[in-house]
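Single-letter residue listing:
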Amino acid sequence: VGNVPDDIGEEQLKSIFGEVGTVVNLRTLVDDETGKLAGYAFVEFGDANTALSAIRNLNGYACNGKKVRHASFCMFSHHAIISQMSNNRHF
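If you're wondering where the values come from, they're calculated on a predicted model, not measured in any experiment.

## Side note on helix α1 (residues 10-17)
Turning to step 1, where the next piece is worked out: Burial in α1 covers these residues: Leu-13, Ile-16 and Phe-17. Down the axis, α1 shows its buried residues gathered within 90 degrees of arc, on one side only.
Turning to step 2, where the next piece is worked out: Residues of α1 that are buried sit in contact with β1 (23-30), β2 (37-45), α2 (48-58) and β3 (62-63).

So, in structure tokens, the structure goes:
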């Protein structure tokens, strides 16, 4: 998930993504220089249909003044993962 506000917590993100189904795992990354969220998160759902529902229903979701976006979907170890990686950031 991209364009994640740097002032949001993991519990708030879980709550937002929990609106479409059970969040199995959620991971955010922190910028080492600023100590703030790096602007993206990895959200893992229990099945592909839930992940696809999140893409359809939460893309553009207004969150703390930013619209989150979902860039890609892949299957990994029987779980659906939505993720976005920034090519110009190294963490």
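Once you've had a look at it, read on.
## Points about the pattern of salt bridges
Turning to step 1, where the next piece is worked out: Per the counting criterion, the structure on display carries two salt bridges.
Turning to step 2, where the next piece is worked out: A salt bridge links Lys-36 to Asp-6, with the nearest nitrogen and oxygen atoms 3.9 Å apart. Of this pair, Lys-36 sits in the loop between β1 and β2 while Asp-6 is found in the segment before α1, placing the two residues 30 residues apart along the sequence.
Turning to step 3, where the next piece is worked out: By relative accessible area, Lys-36 is classed as partly exposed at 43%.
Turning to step 4, where the next piece is worked out: The class for Asp-6 is partly exposed, based on a relative accessible area of 39%.

## Concerning the nonpolar core
Turning to step 1, where the next piece is worked out: Ranked by size, the top nonpolar core spans 17 residues in total, and within it Val-4, Ile-8, Leu-13, Phe-17, Val-43 and Phe-45 carry the most contacts.
Turning to step 2, where the next piece is worked out: Secondary structure elements with two or more residues in this core: α1, β1, β2 and α2.
Turning to step 3, where the next piece is worked out: At four residues, β2 tops the list of elements feeding residues into this core.

## Quick notes on unusual backbone geometry
Turning to step 1, where the next piece is worked out: Its identity as a non-glycine residue notwithstanding, Asn-3 has a phi of 65 degrees, on the positive side.
Turning to step 2, where the next piece is worked out: Locating Asn-3 in the fold gives a position in the segment before α1.
Turning to step 3, where the next piece is worked out: For Asn-3, a relative accessible area of 24% translates into the label partly exposed.

Reading the values: the criteria
Residues numbered from 1 in each chain as written. Predicted model: local features only at pLDDT ≥ 70, side-chain atom pairs only at ≥ 80, totals over all residues. Heavy atoms only, no water. Buried < 20%, exposed > 50% of the residue type's maximum accessible area, 1.4 Å probe, protein only. Helix = DSSP H or I, 4+ residues; strand = E, 2+ residues; numbered from the N terminus. Arc of directions from axis to C-beta. Contact = heavy atoms within 4.5 Å. Salt bridge = Lys/Arg side-chain N within 4 Å of Asp/Glu carboxyl O. Core = buried A, V, L, I, M, F, W, Y, C linked by side-chain atoms within 4.5 Å.

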